[in-house]
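# Structure at a glance
What follows is each chain in one-letter form.
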Amino acid sequence: MKVRVPYGEKDAFNIEIADNQLVGVYNPNPVTKPDADQVISEALAHPIDSPSFDEFINTDKKIVFIVNDGTRPTPTAKILKLIYPKIKDKNISFIVATGVHRAPTEAEYRFIFGSDIYEDLKARGLIHSHDSKNDPMDYLGKSKNGTEMYINKIVAEADRVVPISSIEPHYFAGYTGGRKSFLPGVASYKTISENHHLALMDSARAMNLKGNPVHEDMMDAMKVLKDLNIFAIETVLDSDHDVYAVTTGDLNGSFYAGIDKAKEVFGVKIPHKADIVISAAPYPMDVDLYQSQKALDNGKLALNKDGILILVATCRTGIGPKPFYNLLSSEKTAAGVLKKIDESWHLGYHKAAKMAQIDTWASTWAVTELTDEEMRNVHFKPFHDLKVAYAEALAQKGPDASVIVLPAGSLTVPEAPNAN
């Protein structure tokens, strides 16, 4: 069977895979597109374990809205367009949940809020961008793992809190959304660092919550928020970033209900894992190796132990952040990188760790525009043509090798039966 694997904005590789070897070609699941405004309105009127949104905002006391920054596709502007007439004259303020990211640019603020609402909020001084290192924080307690929960005073001192977020697979927290509005969203740098250190464990992976130490630590840390009055708005988008579902109300209840919907989009059932997995980072997610890592991390979920995982990504602007490259290339083996990360942990090391982990139990190859030296330095076997890489993989694994292809590996999360 001829299989097309995208490469960059317009190009693609066409490879021939024998029918008896091809387990399947998997993409995000197609879903029906509902009327977004209707879905949002119904969710606000019928929340989970909570009064309706209109009842929740019926107060003269402070209401703080937590919104995602520009790195998430959350349709905050679409939601605000519907609810702003109800809230604009109330005692409100907005905090952008940057975690440890930088503050939004002017263009990103307009994307987040919509230009008209942004101009109104900005003129009234009602927007604050969370700064995990410098903002005043309140200490609310510890999780069982010892994560000390410091969150922004703006949130901790609010009478009512409305986090607006989106739920999609996340490569080490299991899923975005829900508790992530608070941790890492508006938590201190110290709190985020303590929680994200748990990402080094292999059970911290996409769409896995049971036994996921990062998620479990987040959920445990959320218990310190019990005195906050929260009305969560969680959106689930399809692979085109259009609204597919919305859940609201109780923070945990709306989060878990949204997960069921996110699985319908991104969770792709496969009959079994394969010896060779080809996972592509589609344009524009192939901008560099750092961003393409998500395709690699999803691809590993379809790969047998000792298999070959082939990343296909142009990486047209290079590796990504220099510290990321320096860390991965600082040791001769992936195991050496992991040891170094664990012994000298710094926040930001987790993405390099997740990449290095795969190479301790399988082979990682890459088809990119990076130089051979760059790819070898970060522990990939280098290629520039998928046909060549696939032919070599077949020669190595043999004629009976099974093959899975993920043309949109960054957006496709394989689920194998009885996967650990």
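About the cut-offs
- Residues numbered from 1 in each chain as written.
- Predicted model: local features only at pLDDT ≥ 70, side-chain atom pairs only at ≥ 80, totals over all residues.
- Heavy atoms only, no water.
- Axes fitted to C-alpha atoms, helices over the stretch in contact; angles between N-to-C directions.
- Helix = DSSP H or I, 4+ residues; strand = E, 2+ residues; numbered from the N terminus.
- Parallel < 35°, antiparallel > 145°, perpendicular 65-115°, else oblique.
- Contact = heavy atoms within 4.5 Å.
- Nonpolar A, V, L, I, M, F, W, Y, C, P; charged D, E, K, R; others polar.
- Core = buried A, V, L, I, M, F, W, Y, C linked by side-chain atoms within 4.5 Å.
- Buried < 20%, exposed > 50% of the residue type's maximum accessible area, 1.4 Å probe, protein only.
- Domains from an automatic or database assignment.
- UniProt positions renumbered as here; feature names shortened; annotations may be inferred.
- Buried area = accessible area lost by both parts, 1.4 Å probe.
- Salt bridge = Lys/Arg side-chain N within 4 Å of Asp/Glu carboxyl O.
- Polar contact = N/O pair within 3.5 Å; in protein donor to acceptor, adjacent residues only side chain to side chain.

### A short note on the packing of helix 8 (residues 213-222) against helix 9 (residues 251-266)
Across the interface, helix 8 lies against helix 9 with an axial gap of 11 Å and an inter-helix angle of 150 degrees. Taken together, helix 8 and helix 9 sit at an angle that is classed as roughly antiparallel. For the pair formed by helix 8 and helix 9, the contact residues are His215, Met219 and Met222 on the first element and Leu251, Asn252, Phe255 and Tyr256 on the second. A breakdown of the residues in the contact of helix 8 with helix 9 according to their chemical character gives five nonpolar, two polar and no charged.

### Here's the deal with the nonpolar core
The biggest cluster of nonpolar side chains holds 72 residues, and the ones touching the most others in it are Val155, Phe182, Leu289, Phe380 and Ile404. Considering every element that reaches this core, the biggest residue donor is helix 13 (residues 350-358), with five residues. Looking at this core, you find at least three residues from each of domain 1 (2-26 + 270-415) and domain 2 (36-266). What Phe182 contacts, discounting residues up to four positions off in sequence, is Ile66, Met149, Val155, Val161, Pro163, Ala187, Met222, Leu225, Leu228, Ile230 and Leu251.

### Some details on the UniProt feature "domain: Lactate racemase C-terminal" (unreviewed entry) in the protein chain
What UniProt calls "domain: Lactate racemase C-terminal" (unreviewed entry) maps, in this numbering, to residues 272-409. End-to-end, the C-alpha atoms of residues 272-409 are 17 Å apart, and along that stretch the chain is 40% helix and 21% strand.

### Looking at the packing of helix 4 (residues 106-113) against helix 5 (residues 115-123)
When two helices pack together, their arrangement is given by the angle between their axes and by how far apart the axes lie. Here helix 4 crosses helix 5 at 110 degrees, and the two axes come no closer than 7 Å. Judged by the inter-axis angle, helix 4 sits roughly perpendicular to helix 5. Residues Glu106, Tyr109, Arg110 and Phe113 of helix 4 form the contact with helix 5, whose own contacting residues are Ser115, Ile117, Tyr118, Glu119, Leu121 and Lys122. Grouping the constituent residues of the contact of helix 4 with helix 5 by class yields five nonpolar, one polar and four charged.

### Here we look at the domain arrangement of the protein chain
The domain architecture assigned to the protein chain consists of domain 1 (2-26 + 270-415) and domain 2 (36-266). Using C-alpha coordinates to define each centre, domain 1 is positioned 31 Å away from domain 2. At the junction of the two partners, domain 1 supplies 19 residues and domain 2 supplies 20 residues. Summed over both sides, the interface of domain 1 with domain 2 buries roughly 1800 Å², with 61% coming from carbon and sulfur. On inspection of domain 1 and its partner domain 2, the count reaches zero salt bridges. On the surface where domain 1 and domain 2 come into contact, there are seven residue pairs in polar contact (both at pLDDT 80 or more). Breaking the side of domain 1 that touches domain 2 down by element, the ones donating at least two residues are helix 10 (289-299), helix 12 (334-343), helix 13 and strand 21 (413-415). Ranked by residue count, the leading element in the side of domain 1 that touches domain 2 is helix 13, at five residues. Here the side of domain 1 that touches domain 2 is composed, by residue class, of seven nonpolar, five polar and seven charged.

### Quick look at the pattern of salt bridges
Applying the stated criterion across every chain yields a total of 23 salt bridges. Between Asp159 and Arg160 there is a salt bridge, with its nearest N and O atoms 3.2 Å apart. Take Asp159: its relative accessible area is 29%, and that puts it in the partly exposed class. The class of Arg160 is buried, set by a relative accessible area of 18%. Put simply, Glu415 and Lys269 hold a salt bridge, and the shortest N to O gap is 3.8 Å.

### Describing the side chain of Thr412
Along the chain, Thr412 turns up in the loop between strand 20 (403-406) and strand 21. Overall, Thr412 belongs to the buried group, its relative accessible area being 0%. Only 2.8 Å separates the side chain of Thr412 from the backbone oxygen of Ala408, close enough to count as a polar contact. Apart from residues no more than four positions distant in its own chain, Thr412 is found in contact with Tyr26, Asn27, Pro28, Phe266, Val268, Asn298 and Leu406.

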